[in-house]
Each structure stands twice: as structure tokens, then as C-alpha cells.
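# Architecture at a glance
Here is how the chains run, residue by residue.
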Amino acid sequence: MVTLLSLTISKILDFDCSAQRKAMILVQITGTLRNLANVEQCYSQLATSAIGKLCDIFFNPEFSQGKELSLNIARLLSKVSLNHACADKIVKSGYIKGLLTSMVTHKESSAILIRLAYILGNLTTNFEEAR
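Here is a short report on the structure shown in this document. Just so you know, these numbers come straight off a predicted model, no measurement behind them.

### Things to note about the overall build of the protein chain
Each helix and strand in the protein chain was counted, giving 7 helices and 0 strands. The secondary structure elements of the protein chain, listed N-terminal to C-terminal, are α-α-α-α-α-α-α. Rg of the C-alpha trace for the protein chain: 14 Å, near the compact-globule value of 14 Å for 131 residues, within the 12% margin. The C-alpha extent of the protein chain, read off along each of the three principal axes, is 40 × 35 × 20 Å. For the protein chain, the proportion of its 131 residues judged to be buried stands at 47%. Partitioning the contacts of the protein chain with sequence separation of at least 6, the portion at a separation of at least 24 is 70%. Accessible surface, the protein chain as shown: approximately 6900 Å² in total, 55% of it carbon and sulfur. Taking the 14 positively charged and 10 negatively charged side chains of the protein chain as two groups, their mean positions are separated by 3 Å.

### A look at the pattern of salt bridges
What the rule picks out here adds up to 2 salt bridges. Between Arg 131 and Glu 128 there is a salt bridge, with its nearest N and O atoms 2.4 Å apart. With a relative accessible area of 56%, Glu 128 lands in the exposed category.

### Digging into the packing of helix H1 (residues 2-14) against helix H3 (residues 43-58)
Between H1 and H3, the least distance of the axes is 9 Å, while the angle of their chain directions is 25°. It follows from the interaxial angle that H1 and H3 lie roughly parallel. For H1 against H3, the interelement crossing comes out left-handed. Residue-level contacts link Val 2, Thr 3, Ser 6, Leu 7, Ile 9, Ser 10 and Leu 13 of H1 to Gln 45, Leu 46, Ser 49, Ala 50, Lys 53, Leu 54 and Ile 57 of H3. Partitioning the contact of H1 with H3 into residue classes produces 8 nonpolar, 5 polar and 1 charged.

Rules used in this analysis
Residues numbered from 1 in each chain as written. Predicted model: local features only at pLDDT ≥ 70, side-chain atom pairs only at ≥ 80, totals over all residues. Heavy atoms only, no water. Helix = DSSP H or I, 4+ residues; strand = E, 2+ residues; numbered from the N terminus. Rg over C-alpha atoms; globule rule 2.2 N^0.38 Å. Buried < 20%, exposed > 50% of the residue type's maximum accessible area, 1.4 Å probe, protein only. Contact = heavy atoms within 4.5 Å. Areas by Shrake-Rupley, 256 points an atom, 1.4 Å probe, with all protein chains shown as cover. Lys, Arg positive; Asp, Glu negative; His and termini not counted. Charge placed at Lys NZ, Arg CZ, Asp CG, Glu CD. Salt bridge = Lys/Arg side-chain N within 4 Å of Asp/Glu carboxyl O. Axes fitted to C-alpha atoms, helices over the stretch in contact; angles between N-to-C directions. Parallel < 35°, antiparallel > 145°, perpendicular 65-115°, else oblique. Left-handed = near helix turned anticlockwise from the far one by under 90°. Nonpolar A, V, L, I, M, F, W, Y, C, P; charged D, E, K, R; others polar.

The following block contains the structure:
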């Protein structure tokens, strides 16, 4: 299921439509992925197929103003950052500094800020390169 949703994300990003329309669809997909993140058996699929794409979307300026999409992704990443394989994928994607920058970008949203701080806390606990 996670792999299929990840493929769907790729297809949506390639659609010839506005970023706003893409974001509306991505909100639904990220919500589904967030629910699947409650199932520990999905973590390996999330690590291999979805986390990199979700990070790319989260840090894409085209989507950064979509608060609902950003919040869904931040919620998902905060859940999976507890899993070593998923956290490793986040660290290896090179977005640690981006997480810090996003705290400034989303300074008006306490819900996103809390999740970003939680993600950073989890990553710095277990990964030297995140520190």
C-alpha cells in the first residue's frame, strides 16, 4: 500500500496542473500515509519509498505555503522519526538544516513547530551527523 501511494505521489507531482491542486490531492495521500505510520510493519516501505519524496515536498517552496500539507507531512515524519530505519532515511536525505530553516518558515504554526522540534530531537538522539 505504501509503495502504491508513493508511486501516486510521483505521478501527481508530474501532473500538468497548479501547485494548489496538487497540494489538495497530496493532503489526502499524506493523511493516509500518516495513518499507515501507525502500523509498524509499514516502516520499511515508508523508509524505502515515501520518506524522501515527502521531505522533497515539505521543503519545496512551491508547497511551503500549504499549511495543511506541511502539517500532515510534519506529523508523519514525527511518527516515523522514532523508527531507526526511517530516521536514518531522513538524516541521509540531507534535510537536517532544512528542518531548522522550516522552523522559521512555519513560525506562525505552533503545531508544525512542535513536530519539527520533536523530529530534530529524535534525529539528534541517535545520529551523530544530525547533531
